[in-house]
Amino acid sequence: MDHPSQPSVRHFDHCPWLFADEATDEQRAAQRMVQRAVGGDTGIGERCYVAASAAVFPDRLRLGDDSYIAAHVYVTGELETGSHCTLNPFTTVRGNVTLGHGVRIGAHTSLLGFNHSMAADRPVFRQPLTSRGIRVGDDVWIGSQVIVVDGVTIGDHCVIGAGAVVTRDLAAWSVAAGNPARVLRDRREVRGVEATAASDPASASASASASASAVSGIRPDDGRTPAGRPAPQSGPGAVAAGDPERAPRDRRAVQEATAVSAETAAGAEAADLHGMRPGGGRTPATRPAVGTGPRAATLAAFADAARDQAAGLLDRCWDGERYVDRPGAVPTVRAHCDAVEIADLLLGAVPEHVSAEEHIGRLSGLQDPKCGLVPEFGEPLPVADADGFIGERAALYHVLCVGYALDLLGPGLPHPVRGVRDMTARQLVARLETLPWHTGAWGAGAWVDSLATAVHWNLRHDDGGGDNGHGTPEALFGWLLTRADPWTGMWGSPSAEEGRLQVVNGYYRLTRGSFAQFGLPVPHPERAVDAVLDHARDARHFGPGRENACNVLDVAHPLWLCTQQLGRGAGGYRSGEIRDWAERQLTTVLPRWQDGLGFGFGPGAAGPGPEPGLQGTEMWLAIVWYLADLLGRSDELGYRPRGIHRPEPTRQGIAGLS
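Residues numbered from 1 in each chain as written. Predicted model: local features only at pLDDT ≥ 70, side-chain atom pairs only at ≥ 80, totals over all residues. Heavy atoms only, no water.

Locating Q27 in the fold gives a position in helix α3 (residues 25-37). In this structure the side chain of Q27 is engaged in a polar contact, spanning 2.8 Å, whose partner is the backbone oxygen of P7. (Helix = DSSP H or I, 4+ residues; strand = E, 2+ residues; numbered from the N terminus. Polar contact = N/O pair within 3.5 Å; in protein donor to acceptor, adjacent residues only side chain to side chain.)

What follows is the structure, given as structure tokens:
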């Protein structure tokens, strides 16, 4: 029984943020029982609270650390939250709903991630249910008595005023209110108290916080922000929604009030990386406002520094006979190809350690003339599978890297890849059906990338026994188009352990070699963008210090590829969120260049590790281009990938498909 001076369970149900600091051992034990009693496929993080009075009946529940489900909340369907999320009293969450990190949902709000049809051929109660789902980004504040309907995506850092009815997607940083909800302004715009912050941050912060509390009817000091953590704020301060009477901001005031933060966040670290303090010789005196992306001078300075250091970087990875990824590593075929790609990208030349003819001779000589495959140095040819092609990873990638290196050098692969040339459509479909789409979509996508690239090289040979004689290209694209998941635009299944990592990374490899390389449109591009942006919020792969070259490239390229179909600029599908993500990544990536050494690949088991080397440098240079191009600023770099990561198709279509 609760002590008379001790908060009761009913008290904690309505004020769950008090539980971690004030609950008794008996109350903690009772809370553990409440959490264990939640049915369905349930996973609840550390320091969470689920009110005993809540009606939580999920098919699947993933509640992130430090998150609360308060009194009389009603949850059904599938709910996944990041950390520090709060569902305040009487909230309803039904259907398929995903919340990012730091999401606050006011009392009596409904997130309805399902619907049903209303055709006239049957009564309403017999109509089938549908669910497109609701996706809410990080650092989002949804006021009291808001309704969010199925299919809506709310971008990062949004604030939604009390009583709003959200029927359409909201771009990141939107302040929205009304029925139907409309965007009142961008949360980053300087207004009232935020302008004061430039001269008096302390008083402005208190004033802004008090004003913002009006959105959901809660006080800023009610304990909902965990002890020791500031309330989620990016930009000048949290702001009140629903005040359309205020005049639009003067854009010049935005620039003046945020010039210092823009300099620091978007360019200072990257500029200092090259020995140039902000405001030095290459940095213009006039700086753009926050939200316009890294400064042109930063991109240009980065590219200039990379070009200046390219020759020395390649020298570092030449052991006197062959190329190594980094000093001390063993020579590899890929290292030689990466050296060719870097020299072409930054210098417009071949690596100077041997002549162009010797580069061609060395790489051409690696390809077996009978099967057309390239083994690793010192290793035997991989054994072909029953259908004539291979599944061994290094040799699969050599179809790409050796082929593109020789393409940059001029002649291309000297021999066709026989296993792919001779494969029948029936054999191809049988192989596609047996690839590990549900357990290893990354590997399945890499296999398709290699096969499609081999098709491309073989079509160049056109020796009379070519691929089209067996219908292999047509069978490949026919299978892919009919097997793409219409809800995600992708192939494969996510997992609880890795989320969408395998699916998105496999999507990049698959589409790079097939749709992108042959200049064909990808299926369901909007849904693919949704899935990729959802994956890009996964802190397991994109948390601070966790990004590696594979994972960032495998988001950047699909977003770039899909925006080519959907349209770019302010009117493009989720363009604001895409630009925000690209800007954040670019600001993070540029300072990682190490003078004279290049880029490290990054953490994780997928690559060579964090030490600078050829693979990391080649990949990150391409990533920087794609991120800059998503922002419309790639021209400022003065380089454009022409090899494996080239943006243009290498072949325009397939007969009967294009």
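Picking up where we left off.
Counted by the stated rule, this structure contains 29 salt bridges. As a salt-bridge pair, D449 and R512 come within 2.8 Å of each other at their nearest N and O atoms. In this pair, D449 is assigned in helix α13 (residues 441-461) and R512 in helix α15 (residues 501-516), connecting sequence segments 63 residues apart. In this structure D449 comes out as buried when scored by relative accessible area, which is 0%. (Salt bridge = Lys/Arg side-chain N within 4 Å of Asp/Glu carboxyl O. Buried < 20%, exposed > 50% of the residue type's maximum accessible area, 1.4 Å probe, protein only.)

Here the focus is the nonpolar core. Within the largest apolar cluster, 116 residues are counted, with the highest numbers of intra-cluster contacts made by F389, W581 and Y639. Each residue touching Y639, except ones within four places of it in the same chain, is listed here: F302, A303, R307, L345, L346, L621, V624, W625 and S634. By size, the runner-up hydrophobic cluster in this structure holds 41 residues, among which are C48, V50, A51 and V93. (Core = buried A, V, L, I, M, F, W, Y, C linked by side-chain atoms within 4.5 Å. Contact = heavy atoms within 4.5 Å.)

Moving on, we get to the packing of aromatic side chains. Throughout the structure, instances matching the rule amount to 17 aromatic pairs. Ring centres 5.8 Å apart and planes at 90° place the aromatic pair F302 and W593 in the edge-to-face group. Separated by 291 residues along the polypeptide, F302 in helix α7 (residues 296-316) and W593 in the loop between α19 (575-589) and α20 (614-630) bring together distant segments of the chain. For W593, a relative accessible area of 1% gives the class buried. Taking the centre distance of 5.4 Å and the plane angle of 80° together, the rings of W560 and Y626 count as edge-to-face. Note that W560 is positioned in helix α18 (residues 549-566) and Y626 in helix α20, a separation of 66 residues in sequence. The two residues W560 and Y626 agree in class, both being buried. An aromatic cluster of three or more residues is present, and its members are F477, W491, Y507, F515 and F518. (Phe/Tyr/Trp six-rings, centres within 6.5 Å; stacked < 30°, edge-to-face > 60°.)

A separate point is unusual backbone geometry. Here the residue pair N179 and P180 is connected by a cis peptide bond, since its omega of -5° sits within 30 degrees of zero. Structurally, P180 is set in the loop between β18 (174-177) and β19 (182-186). The phi angle at H108 is positive, at roughly 60°, despite the residue not being glycine. The class of H108 is partly exposed, set by a relative accessible area of 44%. Backbone geometry places D139, a non-glycine residue, at a positive phi of 55°. Judged by relative accessible area, D139 falls into the buried class, the value being 10%.

From the geometry alone we can't say anything about function, so treat these as descriptive.
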